[in-house]
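As a plain string of letters, each chain reads:
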Amino acid sequence: MPFVPRIFRLARDAEHPEEYQDAHGLDAAGGIAAIADGVTSSIFARPWAEILTGATIADPPDPDHQEAFRRWLQLRRQAWSQRIDTGSLAWFQRAKLPLGAFSTLLWVQVLPLAEIRPGAFGAQRLRCFAIGDSCLFHARHGEVLRTFPIQKAEELEADPLVLGSVDLGRDQLLQFRALDELCYADDLLVLCTDAIAAWALRLGESGHPPAWEDYWDKSQQEWQEEIARLRDQGQMRYDDATLMLLRVT
Amino acid sequence: MSQVPYSQEISRQNKACFLFLLDQSFSMAEPLGNSSQRKCDELVAAINGWLQNMAIRASGDEGIKDWMDVGVFGYRTDQAGNPIIESALQGPLAGRQLVSITEIGVHPVRIDTRAQYIADDETGEMIEVPCEVPVWVDAVADGGTPMCHMLYRAHEILSQWIAQHPRSFPPIVVHISDGESQDGDPIPYADAVKGLTTQDGNVLLLNCHLSMTAADSFMFPAGEEGLPDELARVLFRMSSVLPDPFYRHAVMEGFPLQRGARGMAFNADMVCLIQFLNMGTQAAPGLR
């Protein structure tokens, strides 16, 4: 098993968990994990985020081949459309439906190296693909080696690229960012949606990055209480919060 | 007050509040500059459009999230010159001072069907497609302009709301009129409204003047120099200085603002009115 996971989630409004629009998926034995952040202002964003992460785990897309990716995306769009009961929609939902849902998507794969490399004894291959502002922090011995695809908190102020559940004729603008690095046993791969990423990047820029290792042993409740406190203090945006910790084995 | 004013995120726990004050005087029956439509008709079309957009924006898979309270008031006088200050909402929401955006979404007075023309994807030909247009407010144009009485009432409504929502993003008041106050100097009343505060900052009072002439409109002036007349100067003094999030958002939208710009539009036409309404909402955190 390439990694061992821990997952934490908190809806934007803790009293309305049904409105949580993030999604995650993982196959620890297969070494793949995915996270998606449904755009709250779009409609049926949660099913869209769930479809994307589920399909990514079952059948990872190949962003390097545009035509194959478009076919993959089209299948997901059909799945989303089939999940909507259009007959029961109110006028305000009907108005939103033609634009569809939007979501970010980020996934990581931990793979054996195809060939041995000098100085890389025990290394595994870490691949990561991302569209949008969900983020990966790669940490080793308590230090963050890299963040991907976002490096600075200010990058999170702009609206991100997202995947749409309806073909609006803009797919040619979709561009995945790709990461291909090495990772080692005991590395911590932190996947998170943008509210957490923004908080963590700001802390890092101030010289006091979060101690990601400390979260490994936290309970769901302890973590949720911390997030609620950070929101109340204005240190973290009110938004759905999803944190995936993957301990490389 | 918050350390950084106007930064409170909008949520169910810290709802937003928007209060519209609509001039319903007789002169609102005159045409709006650059249009053959009456000012009152264009105004309610813009307000109904804003309510529609807000309801859609707040909607989710399960319904409409209760993130904001909205009031729409009209002001005019009766034939004896007595002020009429009342909610302009019709139907199931008639008479209500402030209603949640959830109720707005669920209780339009009616849903009109209008033709919309869009280009066909394959042929490029314009095809007619019916679109739903919900209505909450109908046009009224009668009597005089008791602006001071309206602002006094706004102060009462907002005082009560703030007492129940002390941590919220400050209420935003959008006042739309086409002429001068006829019941006194409105500036002290406007100052009282702007003097109300939540822990996140002062109430924002934005003023939009509608004109019958096709004169150049302008938005967000930073000083009185260059204002065309005394009415414009009065509205300027009534208007809040745009706080930083609004200033930055307006600059991002392409408005050539200077520091100290106020939330005011003068000689507005329909396009300007809609831009003004949108700017008043999109700068608030959580409503983008």
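Residues numbered from 1 in each chain as written. Chains lettered and ligands numbered in written order. Predicted model: local features only at pLDDT ≥ 70, side-chain atom pairs only at ≥ 80, totals over all residues.

## Thoughts on the confidence of the model for chain B
Overall, the prediction assigns chain B a mean pLDDT of 90, with 96% of residues at 70 or greater. Complex prediction metrics read pTM 0.83 and ipTM 0.81. (pLDDT = per-residue confidence, 0-100.)

## Looking at the sheet that holds strand β12 (residues 241-248) of chain A
Residues and elements named next belong to chain A. Taking strand neighbours across the sheet as the criterion, the five strands line up as β1-β12-β11-β7-β8 in an open arrangement whose pairing is antiparallel. The two strands at the open ends of the sheet, each matched to only one other strand, are β1 (3-10) and β8 (143-148). On average, adjacent strands in this sheet sit at an angle of 20° to one another, irrespective of strand direction. The sheet contact formed by strand β7 (residues 135-140) and β8 spans five bridges and is antiparallel. Pairing of R140 across the sheet is with E143, part of β8. (Pairing = 2+ DSSP bridges. Helix = DSSP H or I, 4+ residues; strand = E, 2+ residues; numbered from the N terminus. Axes fitted to C-alpha atoms, helices over the stretch in contact; angles between N-to-C directions.)

## Some points on the interface of chain B and chain A
Contacts between the two partners involve 18 residues from chain B and, on the opposite side, 16 residues from chain A. Taken together, the elements giving at least two residues each to the side of chain B that touches chain A come down to α1 (39-58), β2 (59-60) and β8 (126-135) of chain B. Taken together, the residues that form the side of chain B that touches chain A break down as five nonpolar, six polar and seven charged. (Contact = placed C-beta atoms within 7 Å. Nonpolar A, V, L, I, M, F, W, Y, C, P; charged D, E, K, R; others polar.)

## Quick notes on the environment of D23(B)
Residue and element names in this part refer to chain B. The topology assignment puts D23 in strand β1 (residues 16-23). Sequence-wise, D23 and G179 are 156 residues apart; in three dimensions their C-alpha atoms are separated by 8.6 Å. Apart from residues no more than four positions distant in its own chain, D23 is found in contact with M28, Y75, T145, I176, S177 and D178.

## Examining the packing of helix α3 (residues 147-164) of chain B against helix α4 (residues 187-195) of chain B
Residue and element names in this part refer to chain B. Remark: α3 packs on α4, axes separated minimally by 9 Å, with the N-to-C direction vectors making an angle of 15°. Of the possible angle classes, the one that applies to α3 and α4 is roughly parallel. With respect to the hand of their crossing, α3 and α4 are arranged in left-handed fashion. Of the residues in α4, those touching α3 at C148, L151, Y152, A154, H155 and L158 are Y189, A190, A192 and V193. Considered class by class, the residues forming the contact of α3 with α4 number nine nonpolar, one polar and no charged. (Parallel < 35°, antiparallel > 145°, perpendicular 65-115°, else oblique. Left-handed = near helix turned anticlockwise from the far one by under 90°.)

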